[in-house]
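Chain residues, written in single-letter form:
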Amino acid sequence: MNILLFMIPLSLLLLAGAVAAFFWAVDHAQFDDLDTPGLVPLDDAPKQIASPGEPK
Amino acid sequence: MSVTPTTCWHCGEALLIGRALHSHIAGESRAMCCEGCRAAAEWIEQLGLADFYRLRARSNAKPAGRTTNSDLWRRPENARHVVRDLSDGQHEVLLAIAGIRCSACAWLIERVLTALPGVVAVQVSPSSQRIRIIWRDSTDLPTLLGALERSGYSAMPLDVHQLHDARRAESRDALKRLLVAGFGAMQAMMYATAVYLGSVDSLDASTRGLLRWLQFLVAIPVVFYAARTFFVGAGRSLRARQLNMDVPIACAIAVVCIASLFETLRNGGEVYFDSITMFVFLLLAGRYLEMRARHHAGELTDALARLAPAYADRYLDERRFERVAAHELRVGDCVHVGDGAIVPADGVLLSEHCRVDEALFTGESAAVIKRRGDRLVAGSALEDGPAKLRIERIGADTALACMARLVADAQTRRPHLQSAGDRAASRFVARVLSLAAFTIIAWCFVDPSRAFPAALAVLVVSCPCAFALAVSAAFTRALATLAQHGILVARPDGIESLAGVTHAVFDKTGTLTQPSAAIADIDTFRGCSKSEALQLAASLARHSRHPIARVIAALEPRIDGSEAHGVMVHTGLGISGRISGRALRLGRSDFALGRGHVPAASEDDLLLTDEHGVLAAFHLREQLRPDTASAVDTLRSQGLSVLIASGDSATKVRATAERLRIADWRARLSPSQKLDWLRDLRGKGARVLVVGDGVNDAPVLTGADVGIALAEGAELAQASSDIVLSNARLDSIASARVVAQQTLAIVQQNQRWAVLYNVMAVPLAALGFVPPWLAAIGMSVSSLAVVLNTLRIRWPDAITRTSTTAASPSIAQRARTA
């Protein structure tokens with residue numbers, strides 16, 4: 001049962017890490033748009049994107 | 001045989017034969033309707049983003065055309081209002097964008113912008129129609145706006161104060177709290193299960209104590225961080241001397257946690273941390289869903305900002321003018337308003353004459369002719385210009401700004417049916433607390449040592465979890481069901497109000513009727529056939545931008561006007577030209593006939609004449625939407641009184657009312673007069689539903705019990721209303737009402753179930769038969785039952801329709817049979 005004394009603090013630490021990572025993700029706009037990223041895998045092999053110059 | 005395309009590849013509008021432009025997109029030749037669409041499509045292809053056309057779900061908006069506003073934003077005194085400078089040499093701006101139709105548009109915009117050098121980050125939000133861009137000094141705002149316009153989207157920078165996006169902050173905060181509650185609940189349950197299993201398999205006291213302390217530990221962030229909203233809400237409610245749902249929730253959380261802590265210290269009795277954390281998690285989940293539904297509507301401030309034009313062309317001297325920002329105008333300045341542009345501020349007309357569309361204020365279906373010396377208002381659209389104005393009122397003094405204030409004001413004083421959940425909650429609190437007190441007292445007589453644990457068990461078991469979920473789950477389900485059928489609910493209160501309305505007030509123009517008039521009838525004279533008359537009229541009509549001319553031209557899409565020579569457009573009167581040697585005139589009766597035989601005609605008729613007299617008379621009539629008649633009849637059969645409140649002329653309103661057999665109607669009403677009529681009705685106890693689409697309906701929509709706007713209509717109307725019909729089918733209102741009533745019924749059933757559950761479980765808890773694991777199971781089962789019950793909310797299959805007014809056959813069909 002002594003292993004519990006090690007496992008429990010470890011799990012709490014991992015939990016704290018998970019929550020911190022999630023908070024970081026929310027603050028950096030990871031969860032703001034949940035619809036558009038779904039379209040990315042449907043994209044074909046990326047073509048050469050021409051650099052858009054000044055429109056005139 | 002190849003199929004000739006009939007719609008534009010980019011925007012989906014009808015192609016005019018012979019007018020289509022072609023371009024190679026993604027390896028195939030595609031037809032486009034106008035230069036703007038072609039430019040946008042070629043630009044997208046050039047950037048290597050032609051996949052966009054594969055991914056999009058709907059066709060794009062037609063590009064508004066190249067505007068030369070970019071120079072405006074080069075000037076620092078203007079850019080200062082919209083760009084925020086960040087610490088490390090970066091800049092941030094928030095743009096309101098029009099034309100985002102689906103996620104593929106958002107994808108395209110993001111790709112286009114990130115391809116520009118100097119752009120650091122782009123966040124596109126399709127649901128709120130905004131873009132946030134962060135960039136470095138190697139690019140600038142005009143370049144960004146230009147790239148967006150080339151792709152076919154019109155973007156407008158918002159004031160720098162909007163950068164602090166309240167809704168985004170609220171959404172992020174809710175998500176964080178939801179997650180903390182979720183993790184906390186899972187951890188607490190994990191430790192609690194160990195204790196439950198331990199009680200079967202005998203756990204020694206010290207381990208049990210440890211596990212209890214651990215439960216307490218993981219419950220702390222849940223109570224102090226995640227559940228903070230409940231405490232704040234309860235505090236606010238108690239200070240206002242009312243009891244809303246937050247009060248029993250906050251009480252329950254506080255008491256149960258303190259009691260469980262006490263038991264942990266005492267190392268006896270039972271602890272309920274797992275139940276309480278799960279309780280918090282379920283409640284927050286319900287509220288998060290509700291909030292997301294709420295946030296899916298447009299911002300009122302965006303809509304208001306888009307109304308007033310941001311730019312104006314101010315005269316420097318007699319000839320030249322420069323483009324300035326609207327807020328730089330001063331009283332006495334002279335401005336130039338181009339053909340088709342929006343008037344920037346209230347002023348006096350200096351040009352000879354022009355025609356403006358003032359539907360903004362009056363709801364009039366026809367444009368008004370203004371002569372020198374007449375007043376023009378900011379926000380009206382110039383149909384026949386250009387015009388020169390002297391500014392009299394700017395900024396907050398314009399009539400438009402006054403209307404905006406009216407709308408914003410009415411919104412803060414919204415009528416609000418106190419939600420059914422809140423009312424039941426106040427009764428519930430009293431019941432729970434008295435039950436708990438009663439338990440303690442009763443036990444004190446029998447066995448005081450069991451009094452406290454029993455009371456605690458009572459509190460936990462009677463936790464208003466199912467109760468709280470009852471309302472939010474039902475509303476979320478109702479919102480989703482309605483959204484599936486094209487009804488977007490911006491404010492969930494609207495559902496409850498919709499179920500209880502007694503009167504339905506409709507605006508006429510654009511709501512009951514199609515936005516543009518249609519030709520109802522053609523009378524021909526002197527042997528001219530209807531199809532010939534239409535073709536001649538269409539040839540002339542194609543040369544004018546007047547909406548009626550456009551309607552005629554649309555009836556004969558194959559005619560492109562090239563056979564008419566010497567065409568002259570006479571503002572407000574008609575069109576003249578020569579076709580096959582005949583001098584023809586199309587227009588008002590006094591224009592079309594200099595002299596000659598005048599058949600009896602109303603002012604709305606259009607005459608086609610040649611040198612010898614009248615060839616044809618086109619009778620105009622406002623076309624009802626196809627489902628208007630059945631919608632009105634269905635609403636009447638549901639027991640509502642149907643009324644019309646319109647700003648248009650009495651003759652037109654009477655005609656429409658008679659066609660729909662509506663007895664009570666008012667015409668020539670200004671927005672504030674409409675509001676007064678609403679107040680009258682509501683003062684007599686009626687609950688009013690208002691349906692409108694124009695900007696002038698916005699104050700009325702906020703003043704009603706329920707406001708419904710059409711998605712085709714003005715943005716301001718949509719932002720001011722509770723419900724938006726994105727499918728523009730009026731008969732869905734009746735179906736929505738059925739869903740709303742169903743929702744209220746299900747909420748009532750859920751609440752009864754919650755009460756029944758309490759009645760069964762509380763005596764058991766009071767008698768000490770409910771250990772914590774049973775309480776947790778009971779809570780989840782009752783919540784599950786509530787959620788499953790809400791799945792019964794469904795779109796009604798068939799609403800009985802009785803249509804008494806038959807739709808008139810299209811005029812083009814009738815002409816061809818002539």
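How each quantity is defined
Residues numbered from 1 in each chain as written. Chains lettered and ligands numbered in written order. Predicted model: local features only at pLDDT ≥ 70, side-chain atom pairs only at ≥ 80, totals over all residues. Heavy atoms only, no water. Helix = DSSP H or I, 4+ residues; strand = E, 2+ residues; numbered from the N terminus. Contact = heavy atoms within 4.5 Å. Pairing = 2+ DSSP bridges. pLDDT = per-residue confidence, 0-100. Phe/Tyr/Trp six-rings, centres within 6.5 Å; stacked < 30°, edge-to-face > 60°. Buried < 20%, exposed > 50% of the residue type's maximum accessible area, 1.4 Å probe, protein only. Expected span 1.5 Å × (residues − 1). Patch = residues over 30% accessible without salt bridge, like charges linked within 9 Å, V, L, I, M, F, W, Y side chains within 5 Å. Areas by Shrake-Rupley, 256 points an atom, 1.4 Å probe, with all protein chains shown as cover. Salt bridge = Lys/Arg side-chain N within 4 Å of Asp/Glu carboxyl O. Polar contact = N/O pair within 3.5 Å; in protein donor to acceptor, adjacent residues only side chain to side chain.

**Observations regarding the environment of B:Leu113**
Residues and elements named next belong to chain B.
Phase 1: Mapped onto the secondary structure, leucine 113 falls in helix α5 (residues 103-114).
Phase 2: In this structure, the C-alpha to C-alpha distance between leucine 113 and alanine 147, residues 34 residues apart in sequence, is 7.2 Å.
Phase 3: Discounting chain neighbours no more than four positions away, the residues touching leucine 113 are Val119, Val122, Ile131, Ile133, Leu144 and Leu148.

**Focus: the sheet that holds strand β9 (residues 321-325) of chain B**
Backbone-to-backbone hydrogen bonds pair the strands of a sheet. The strands run either parallel or antiparallel.
Residue and element names in this part refer to chain B.
Phase 1: Here we have six strands laid out as an open sheet, ordered β9-β8-β10-β16-β11-β14, and antiparallel in their pairing. If you trace the sheet from one side to the other, it starts and ends with β9 and β14 (375-376), each paired once.
Phase 2: Bridge count for strand β11 (residues 346-349) against strand β16 (residues 387-393) is four bridges, and the pairing is antiparallel. When the bridges of β16 are listed, aspartate 346 appears paired with arginine 393.

**Points about the confidence of the model for chain A**
Caution applies to low-pLDDT parts of the model: their predicted coordinates are not meant to be read in detail.
Phase 1: The pLDDT averaged across chain A works out to 74; a share of 62% of its residues lies at or above 70.
Phase 2: Considering only residues more than four positions removed or in separate chains, one finds that residues 48-56 of chain A, a stretch of pLDDT under 50, has 11 contacts.

**Some remarks on the packing of aromatic side chains**
Phase 1: Enumeration according to the criterion identifies five aromatic pairs over all chains in this entry.
Phase 2: On the numbers, 5.9 Å between centres and 45° between planes, the contact of A:Phe23 with B:Tyr225 is tilted. Note that A:Phe23 is positioned in helix α1 (residues 3-27) and B:Tyr225 in helix α8 (residues 205-226), a pairing that runs across two chains.
Phase 3: Judged by its relative accessible area of 22%, A:Phe23 is partly exposed.
Phase 4: Judged by centre distance (5.7 Å) and plane angle (50°), the rings of B:Phe216 and B:Phe273 are tilted. Here the residue B:Phe216 occupies a position in helix α8, and B:Phe273 occupies one in helix α11 (residues 273-295), the gap between them amounting to 57 residues.

**Here's the deal with α1(A)**
Residues and elements named next belong to chain A.
Phase 1: Between its terminal C-alpha atoms α1 stretches 36 Å, which fits the 36 Å expected from 25 residues at 1.5 Å a residue.
Phase 2: Looking only at α1, the buried set comprises Ile8, Leu15, Val19, Phe22, Ala25 and Val26.
Phase 3: With its phi angle positive at about 65°, alanine 29 sits one or two positions after the end of α1.

**Topic: a nonpolar patch on the surface**
Residues and elements named next belong to chain A.
Phase 1: A cluster of nonpolar side chains, namely Ile3, Phe6, Met7, Leu10 and Leu14, defines an oily patch on the protein surface of about 520 Å² accessible area.
Phase 2: Structurally, methionine 7 is set in helix α1.
Phase 3: Methionine 7 sits in the partly exposed class, given a relative accessible area of 43%.

**Regarding the pairing of strand β10 (residues 334-337) of chain B**
Residue and element names in this part refer to chain B.
Phase 1: Pairing analysis gives two bridges linking strand β8 (residues 311-315) to β10, with the strands arranged antiparallel. Across the sheet, residue aspartate 313 finds its bridge partner in β10, namely histidine 336.
Phase 2: As judged from the four bridges shared by β10 and β16, these two strands associate in the antiparallel manner. Looking at β16, one finds that valine 337 is bridged to alanine 387.

**Structural notes on the side chain of B:Thr481**
Residues and elements named next belong to chain B.
Phase 1: By the element assignment, threonine 481 lies in helix α17 (residues 465-484).
Phase 2: Since its relative accessible area comes to 5%, threonine 481 is described here as buried.
Phase 3: A polar contact is formed between the side chain of threonine 481 and the backbone oxygen of arginine 477, at a distance of 2.8 Å.
Phase 4: Not counting residues up to four positions away in its chain, the partners in contact with threonine 481 are Ile793, Arg794 and Trp795.

**Considering helix α20 (residues 530-541) of chain B**
Phase 1: Under the 1.5 Å per step criterion, the end-to-end length of α20(B) is 16 Å for 12 residues, consistent within 8% with the ideal 16 Å.
Phase 2: Considered for burial, the residues of α20(B) that qualify are B:Ala533, B:Leu534, B:Leu536, B:Ala537, B:Ala538, B:Ser539, B:Leu540 and B:Ala541.

**With respect to the pairing of strand β22 (residues 582-587) of chain B**
Residue and element names in this part refer to chain B.
Phase 1: Pairing of strand β21 (residues 574-579) with β22 involves six bridges; the strand directions are antiparallel. The residue bridging serine 576 from the neighbouring strand is arginine 585, located in β22.
Phase 2: Pairing geometry for β22 and strand β23 (residues 606-610), over three bridges, is antiparallel. Looking across to β23, one finds that leucine 586 is bridged to leucine 608.

**What to know about the pattern of salt bridges**
All names here are of chain B.
Phase 1: Summed over the entire model, instances satisfying the criterion amount to 20 salt bridges over all chains.
Phase 2: Where arginine 372 meets glutamate 352, a salt bridge forms, and the shortest distance between an N and an O atom there is 3.1 Å. Taken together, the positions of arginine 372 in the loop between β13 (368-371) and β14 and glutamate 352 in the loop between β11 and β12 (353-357) put the pair 20 residues apart, joining distant regions of the chain. Glutamate 352 shares its class with arginine 372; the two are exposed.
Phase 3: Each of Arg526, Glu532, Arg582 and Asp610 takes part in salt bridges that share partners, so that together they form one network.

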